[in-house]
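Here is what each chain is made of, one letter per residue.
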Amino acid sequence: MTTDPKALLSLGTKLLDIDEARFRQVVDLLQQIGDHPEVQHTFSLIRPRLAEVRPKRRATFKRLFCEPFEDMFQLPGGDQPAPLNKVDRGVVNALWPLVEAHIGKERLRGVAGALGDGASRAEPARAFWSMAAAAVADILEQTETGRFADDLGLRLNPDRVRTIEDIARILTIAQPVAELKAVLSPKPIQKLHKDHLDGIQAIGRQVARGRPEALKLFILLAAVRLSDPSILLGSLWDMDLGQKSSDRAALFLDLSGTVVAQIEERSRSVASAAGGTVDRMAAANLAVDLVASLEATRNAMEHSRNKDFDQRLKIIRNSVHELVRTQVLDGADAEILSAVETLAPGADTARMVQAENQARALRKCSTIADTLGLRGELKSVTQQATASLTGTARQSLADGIGDARTGYTAIRMIELIAGPAEANQVMDDILRGDRH
Amino acid sequence: MRSLTNFAPSTFEERGAAVAFTTPVLAQTRVRKDDRDKLEVLIPNLSDGHGVYVVPWKGLPLAFPMTVHDRMLQDLIRKGDGCSPDDIRKAVLQAARCGLAGPLAVEAAEAALRDEDEQRLLINYQLIVEVLKAVGLESTDILRAGLGSEKGEHLTRSYMTKAAQSLALEPTELYARVAELATFMEPVGIATSPRPARLRRLARDLLQFRDSMTDWVNGNVSEAAPIGTFCAEVAEHTLNQVRNVVNQLDQSVAAFELLLRQWDTKRTLVRKSTTRLSWLLDGWDFIITSWAEAQTRSKHEQDMAVHELFRVLPLLPKDEEKSDHALLADGLLAANRRTVRAYVDWRSGQLDMDLVMRIEAIKGKAA
């Protein structure tokens, strides 16, 4: 099969739009071409869709090697938060050939059963992971003397040593991690139930007994499978992993540190994205999300009487406060009102949808306004908007000025901002002819 | 899982017509008339409980907090003439157009109304062509002159007068018959139409829904799978009925001369068939769209969607399963209408046997 690199490259972006069945077919074809650099590039382009569709990929040793820590890969361009302690794909791409050479073809052939399906896979897979763990540990040891520094790009990226250390540790607990994945499926888990927590605790105990040094990574791997890692933080304090209490406090502190760093990073990315036209609903969603993480973290900290992060959490809270104030509240009422008043029948649906999102964002933020100390501001914005919209509705529905649709749209906006009860009240008042 | 017929109400009118409310608990609830000709609404699975709540239409806003759009829709239906699927659809489009359900609903309602206007024009022209064909006249001249043009209209009039003569009818009578037939056939359209009308499109979508649901169920081991199978089964039964009715209608239109000559007897048949078709497909549009939307979601969300679809699934009424022959009988639906009484199974009007058994057991112990 001949492949034109340019054709493959252009294929990449097209693959994001084609239907799912064809996407699976093309992925299958690309896999058959093999380890061509352009094919790899195409795969990296379509990675977000691969993660979403999850077509059955050909089982390879490299893929099996990555299985225990695959949750820590970051998706390019995804809007999900970056995993805690993320693993760089580049490091793995550089590391794998070394590991493969270290283990040797002969020994790999011995565990070929690991690439199969079903129960017979478990035993050889375990053997493979222990070989790989030994190989990575050995490679890591040799890097201290400067070997492989160029192959792995260590001099340019000192952070890569940390990644390789993490990989080595995770591979030593590959089996418990596989069990953990089975417990925390399907990813992402929105809410931790008792069976999830019991599972994490039981497997965590095994890890704490056998490989205490890998326990933190194990907990991070559990956190990464959740929609919000701070959920685990809340439950972690009560979890008995069979450690000494000082070790438990240290582990908790470690995880808190990474979770807080992640929230910080997200709130910073918001601050840098500010300015220009913003999707106010997206800003409100993000703010609600961040406040939930913040609250869960703060509760967990209070539980453990840990004051170390107070200042950092305060800064995060302030940046979310700014986010809501500038991107949801500022000018909201004027924008909604002008969209309603200049409404022309049959025109500009996009603008109306935007105004509706604005109204919904206001309502969404009412749940977090108290926490952020924005209650007064939010109240004044919503009251102002509701009052002006009521005026517009009355003009068009009771006094007959302008189009009736403007009036109904104003009522709808009131409903989105303040809820159906308020909107029904306004509507009833107008239809009854009340002036106040 | 209980059998299909165990779930089914007795008649379409007992089942009621689905109303596109936007308040979640009321979405797709059904409205019907009680024995005093007053509207009432059936609300299934309230707070996840079994059974169906029957609430008087007037009291709906008191029982549930509703959106402003729903309050308006409720008011429009109350002021309207009836509660057939067509009446409900008219009210739904009217409520959506005013903007209380958002700009996208306005767009959709306006597009639907535009489509209806176009279909009305199209069916009128197609029926005229059928009239001319039935009496052996050519319609290409009219088309060449332009449908809306003065010459075209003049040609149409003269051809129709000729057609009326050969059918031994007054021209005004012929016009009246064609106009009436067009009103009946507008949502169904005729078989040869280049653009299928609304109910034919819906039937085609229902077929796709059945296939998609069957595919989804295949190899699926989740709890929702048997429910999915049931949904596909109900779709299949409905499609069979739809095919029968559409075939009958198409045959009637194919024998066009006979249809016009025996209009007095045939018109009831055509009207019944089209009404029945709208009852058969009532409520499926929401289900088909919801399922299409769920296709892009995660596996878990699809399971939830199937449960939600099941809640509002338009079950075939028991007596409709074998009612093809009863189609000719006037007033069948009215005669079969039943009302929900206390302590009877609302779907069948039969005594609730479990309850009877319980009371019997208590009586036995008390004696």
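This structure is a prediction, so every number in the text was calculated from the model and none was measured. (Residues numbered from 1 in each chain as written. Chains lettered and ligands numbered in written order. Predicted model: local features only at pLDDT ≥ 70, side-chain atom pairs only at ≥ 80, totals over all residues.)

Caption draft 1: Spatial organisation of the overall build of chain A. Across its full length, chain A carries 22 helices and zero strands. In chain A, which comprises 436 residues, the proportion classed as buried is 35%. For chain A, the share of sequence-separated contacts (at least 6 apart) that also reach a separation of at least 24 residues comes to 74%. (Helix = DSSP H or I, 4+ residues; strand = E, 2+ residues; numbered from the N terminus. Buried ≥ 20, exposed ≤ 12 C-beta atoms within 10 Å, placed from the backbone. Contact = placed C-beta atoms within 7 Å.)

Caption draft 2: Layout of the interface of chain B and chain A. Taken together, the contact between chain B and chain A spans 14 residues of the former and 17 residues of the latter. Considering each element in turn, the side of chain B that touches chain A owes the most residues, three residues, to helix α6 (residues 103-134) of chain B. Residue classes in the side of chain B that touches chain A are distributed as seven nonpolar, four polar and three charged. (Nonpolar A, V, L, I, M, F, W, Y, C, P; charged D, E, K, R; others polar.)

Caption draft 3: Spatial organisation of the environment of S396 of chain A. Residues and elements named next belong to chain A. Considering the arrangement of structural elements, one finds S396 in helix α20 (residues 375-397). The spacing of S396 and Y408 is twelve residues in sequence and 8.5 Å in space, taken between C-alpha atoms. Residues within four places of S396 in sequence aside, it is in contact with I401, G402, D403, A404, T406 and G407.

Caption draft 4: View of the nonpolar core. If you look at the biggest cluster of nonpolar residues, it comprises 128 residues, and the most contacted ones within it are A132, V136, F218, A287, C365 and I411 of chain A. Not counting the four nearest positions on each side in its chain, A287 of chain A is found in contact with V320, L323, V324, C365 and I368 of chain A. Residues L202, L206, V234 and L249 of chain B belong to the second largest nonpolar core, which totals 46 residues. (Core = buried A, V, L, I, M, F, W, Y, C linked by C-beta atoms within 7 Å.)

Caption draft 5: Up close: helix α11 (residues 194-210) of chain A. All names here are of chain A. Given a rise of 1.5 Å per residue, 17 residues ought to cover 24 Å, and the 24 Å separating the end C-alpha atoms of α11 matches this to within 8%. Buried within α11 are the following residues: H196, I200, I203, G204, V207 and A208. One side of α11 holds all its buried residues, which, seen down the axis, span an arc of 150 degrees. For α11, the exposed residues set more than 90 degrees away from the buried face come down to K194, D195, D198 and R209. On the buried face of α11, the contacting elements are α10 (174-183) and α12 (215-224). (Expected span 1.5 Å × (residues − 1). Arc of directions from axis to C-beta.)

Caption draft 6: View of the sheet that holds strand β3 (residues 39-44) of chain B. Residue and element names in this part refer to chain B. Pairing within the open sheet is antiparallel, and its four strands lie in the order β1-β2-β3-β4. Edge strands, defined here as strands with exactly one partner in the open sheet, are β1 (17-18) and β4 (52-56). Where β3 and β4 come together, five bridges link them in antiparallel fashion. Within the sheet, the bridge partner assigned to I43 lies in β4 and is Y53. (Pairing = 2+ DSSP bridges.)

Caption draft 7: Local environment of the pairing of strand β2 (residues 30-33) of chain B. All names here are of chain B. In terms of strand pairing, β1 meets β2 through two bridges, oriented antiparallel. If you follow A18 over to β2, its bridge partner there is R30. Sheet analysis places β2 next to β3, joined by four bridges and oriented antiparallel. By the bridge assignment, K33 is partnered in β3 with L39. Connecting β2 to the next strand, β3, in antiparallel fashion are five residues, including D37 with a positive phi near 65 degrees.

Nothing here speaks to function; it is all geometry.
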